[in-house]
Amino acid sequence: MEYLIIGNSVAGTSCAQKIRFNDKKGQITILSEESFPAYGRPLISYYLAGKVDSNLIQYRNDDFYRENKINVVLNCKALNIDSKNKKVKGSNGKEYSYDKLLIATGSVPFVPPVKGIENQKNTFTFLKLEDAKKIEKIITDKSNVIIVGAGLIGLKAAEALAGKVASISVVDLADRLMASVLDSQTALRIQKYIEKRDVKFYLSNTVAEVGKDSVVLKNGEKLPCDILIMAVGVKPNTEAALTAGIKVNRGIVVNEYMETSVKNIYAAGDCVESLDILSNQNKVLALWPNAYMQGETAGSNMSGVENKFAGSFAMNAIGFFGIQLISAGIVDPKDEKVSIYIEENEKEITYKKLLTLNNKLIGFALLNLPDRAGIYTSLINDDVKLDSLNYDITKKDIGLNVFPQDIRHNKLFRGNNK
Amino acid sequence: MKKVYAFEKNCLGCGLCEVYCKTAHSKSKDIIKTYRKENITSAIVIEEILSPKAKTYFALQCRHCADPKCVKACISGAMYKDQNGIVKNIKEKCVGCLSCVLVCPFGAVKRNKDKERKIISKCDLCIETGTPACVENCPNNALKLMDEEEVK
Ligand SMILES: Cc1cc2nc3c(=O)[nH]c(=O)nc-3n(C[C@H](O)[C@H](O)[C@H](O)COP(=O)(O)OP(=O)(O)OC[C@H]3O[C@@H](n4cnc5c(N)ncnc54)[C@H](O)[C@@H]3O)c2cc1C
Ligand code: SF4
Ligand code: SF4
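Read on for a plain summary of the structure. (Residues numbered from 1 in each chain as written. Chains lettered and ligands numbered in written order. Predicted model: local features only at pLDDT ≥ 70, side-chain atom pairs only at ≥ 80, totals over all residues. Heavy atoms only, no water.)

## Structural notes on the pairing of strand 20 (residues 272-276) of chain A
Residues and elements named next belong to chain A. With four of five residues buried, strand 20 lies mostly within the body of the structure. In the sheet, strand 18 (residues 252-253) pairs with strand 20 via two bridges, with the strands oriented parallel. Paired with Ile252 across the strands is Val272, a residue of strand 20. Sheet topology places strand 20 next to strand 21 (residues 281-283); three bridges connect them, and they run antiparallel. Paired with Leu275 across the bridge in strand 21 is Asn282. Joining the antiparallel neighbours strand 20 and strand 21 is a turn of four residues, in which Asn280 adopts a positive phi near 55°. (Buried < 20%, exposed > 50% of the residue type's maximum accessible area, 1.4 Å probe, protein only. Helix = DSSP H or I, 4+ residues; strand = E, 2+ residues; numbered from the N terminus. Pairing = 2+ DSSP bridges.)

## Some remarks on the nonpolar core
Counting residues in each nonpolar core, the largest one holds 165 residues, and the members touching the most others are Ile81, Ile194 and Phe364 of chain A. By size, the runner-up hydrophobic cluster in this structure holds 13 residues, among which are Val148, Tyr202, Val207 and Leu223 of chain A. (Core = buried A, V, L, I, M, F, W, Y, C linked by side-chain atoms within 4.5 Å.)

## Focus: the site of ligand 2
Taken together, the neighbourhood of ligand 2 is formed by 13 residues, with Cys62, Arg63, Cys65, Cys70 and Cys104 of chain B sitting nearest. When the residues that make up the shell around ligand 2 are grouped by side-chain class, the tally is nine nonpolar, one polar and three charged. (Near = heavy atom within 4 Å. Nonpolar A, V, L, I, M, F, W, Y, C, P; charged D, E, K, R; others polar.)

## Description of the sheet that holds strand 18 of chain A
Pairing within the open sheet is mixed, and its three strands lie in the order 18-20-21 (chain A). A strand with exactly one partner marks an edge of an open sheet, and here the two such strands are strand 18 and strand 21 of chain A.

## Some words on the side chain of Glu47 of chain B
If you trace the backbone, Glu47 of chain B turns up in strand 2 (residues 45-49). Note on Glu47 of chain B: relative accessible area 3%, which makes it buried. Here Arg372 of chain A takes part through its side chain, which lies 2.5 Å from a polar atom of the side chain of Glu47 of chain B. Not counting residues up to four positions away in its chain, the partners in contact with Glu47 of chain B are Arg372, Gly399, Leu400 and Asn401 of chain A together with Thr56, Tyr57 and Phe58 of chain B. (Polar contact = N/O pair within 3.5 Å; in protein donor to acceptor, adjacent residues only side chain to side chain. Contact = heavy atoms within 4.5 Å.)

## Some words on the site of ligand 1
Residues and elements named next belong to chain A. Near ligand 1 you find 34 residues, and of these Ser9, Glu33, Glu34, Arg41 and Ala78 are the closest. Ser9 places a polar side-chain atom, nitrogen or oxygen, 2.6 Å from an oxygen atom of ligand 1. Protein contacts shield 95% of the accessible area of ligand 1, which totals 1,000 Å² for the unbound molecule. When contributions to the shell around ligand 1 are tallied by element, the ones reaching two or more residues are helix 1 (10-22), helix 5 (152-161), helix 8 (288-302) and strand 22 (315-320). Looking at the shell around ligand 1 element by element, the count peaks at three residues for helix 8. Two domains each provide a minimum of three residues to the shell around ligand 1, namely domain 1 (2-108 + 235-302) and domain 2 (117-232). (Areas by Shrake-Rupley, 256 points an atom, 1.4 Å probe, with all protein chains shown as cover. Domains from an automatic or database assignment.)

## Side note on the packing of aromatic side chains
Counted under the stated rule, the structure contains seven aromatic pairs over all chains. With a centroid separation of 5.4 Å and 40° between ring planes, the pair formed by Phe364 of chain A and Tyr376 of chain A is classed as tilted. Here Phe364 of chain A is found in strand 26 (residues 360-367), whereas its partner Tyr376 of chain A is found in helix 9 (residues 373-381), with 12 residues between them in sequence. An identical accessibility class is assigned to Phe364 of chain A and Tyr376 of chain A; each is buried. One aromatic cluster is present, formed by Phe413 of chain A together with Tyr5 and Phe7 of chain B through successive ring pairs. Positioned above the aromatic ring of Tyr59 of chain A is the side chain of Arg60 of chain A, whose terminal nitrogen or guanidinium carbon lies 4.3 Å from the ring centre. Sitting over the ring of Tyr391 of chain A, Lys396 of chain A keeps its end group 5.2 Å from the ring centre. (Phe/Tyr/Trp six-rings, centres within 6.5 Å; stacked < 30°, edge-to-face > 60°. Lys NZ or Arg CZ within 6 Å of the ring centre and 35° of its normal.)

Shown next as structure tokens:
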């Protein structure tokens, strides 16, 4: 059996590991467009900040590849998939044949058209280790940095550069930071906190024009700019999939076995759209744990052990500027029937928000209160009825003691997570 | 595999397991020095069970899950399951993002209180010494190291 994987990040790695677990003999090859071994992609900001080095950022060590007999081909972009002859053409001139193929090509940055962007030669996106390395090389304590995008990636870039450059300005069209996970109140509180660390925000605003050493915002303000980081968002990288005529909507379309519309070709991670169990719709959930689980599910099915992907929902643990935010599920609901419970302490900058609907927890956001957050996540994931619990979760800090004794024992003694 | 099981009926909620857990993971391995000089977070959560008659307790450590969510969520590769089934955390690699805390259904991963490097603290079954310090030192036999099969 020949297994071929396009994309050497978390989805690709977890797929390969699962394949090897089920199939000790098959040949596993991973093609990577990048020149580095697989690394923790979210760690590129830690790298830029000097908190991890090129060595520590590596996701799995060399032993992992040796023990699992996984062959990684770096600097090789998959250019074309020929599904009829089951062959993939690499940018290194070689052809790779497969019996089962995984597409795990991840995300590409979304860069909206901006007038004059070609004038700024120091324009970057922030998705790859290579980006972080390039930025690292050119920054000085005199650099004026403009970051477009106040989402997770933009803020992580701002954190990494804080204290290293002359100025950091973050511009976003939305009226608040991290608009997808934060409500206005919490966002404003975090914004004020970050502003004290010398990061300026220009919200409900955008870069209208880029000049050689400045940018002009939509509201007419002109800011000096030596480095421009475009962190508006990401979109599924479907380029390779399209060469095989695979069905693509926003992301690659897959079934619950992570199979694409073309036989023997699977897809996983940021490049696919899959079931979001809270909205019951197919969505692109560009998140690390999701990519891991999808890659693993694909690997299982590719190596003959049938396994369904149970679906997932948005979840994130984000730390920046010493703030810790953990959220999952729906946090900014449109549905008026959702009950929202909020507990906050402005001085300590803590905040707890729980959202319930029809006797179930559907989302939560915890600011600087991370302890035992996973129990809330499990209540959402396992669809637990709140009135079956020992106490009202809005009245007390969560613990395993929330579960009735028999269920708790099942979890603790039989490892039964449900 | 073997892991630590807590027996609610025997647990006094005294917290000795935490003290010995900290000491076992200290540099000095000395109970007093650990307490005074080393800022260590135990890998145990002691929970109180609310019952109408009396308070009871149990001590919780990582369950070393068969299909560990923390390993999947870990963005750095610090969390992994070794060949013996023990879920370990490579301290040097951990960046303290708390993705593992976000997904652990037991709430068994704790934040390390160390101010210098924010990382996490979780049970490693005292791999260095062979017997978990909490089990050895529980005065009332409320913690036992048992084989999974034995328990079922
Ligand atoms: C700065 C930053 C911070 C983040 N923080 C978090 C976080 O805190 N929590 C979280 O859950 N998620 C976070 N994410 C998102 C997370 O990194 C992604 O969800 C995850 O990396 C997706 O993994 P993947 O395997 O699907 O694809 P990717 O990690 O995107 O990797 C895809 C790989 O495929 C390669 N590739 C693409 N096309 C080809 C081709 N044709 N041939 C060969 N190779 C190809 C790419 O070069 C890349 O190496 C963050 C992302 C960034 C950029
Ligand atoms: S930390 Fe939590 S999820 Fe990870 S193995 Fe331990 S109990 Fe399971
Ligand atoms: S806190 Fe450490 S162990 Fe936990 S997910 Fe983050 S890097 Fe991994």
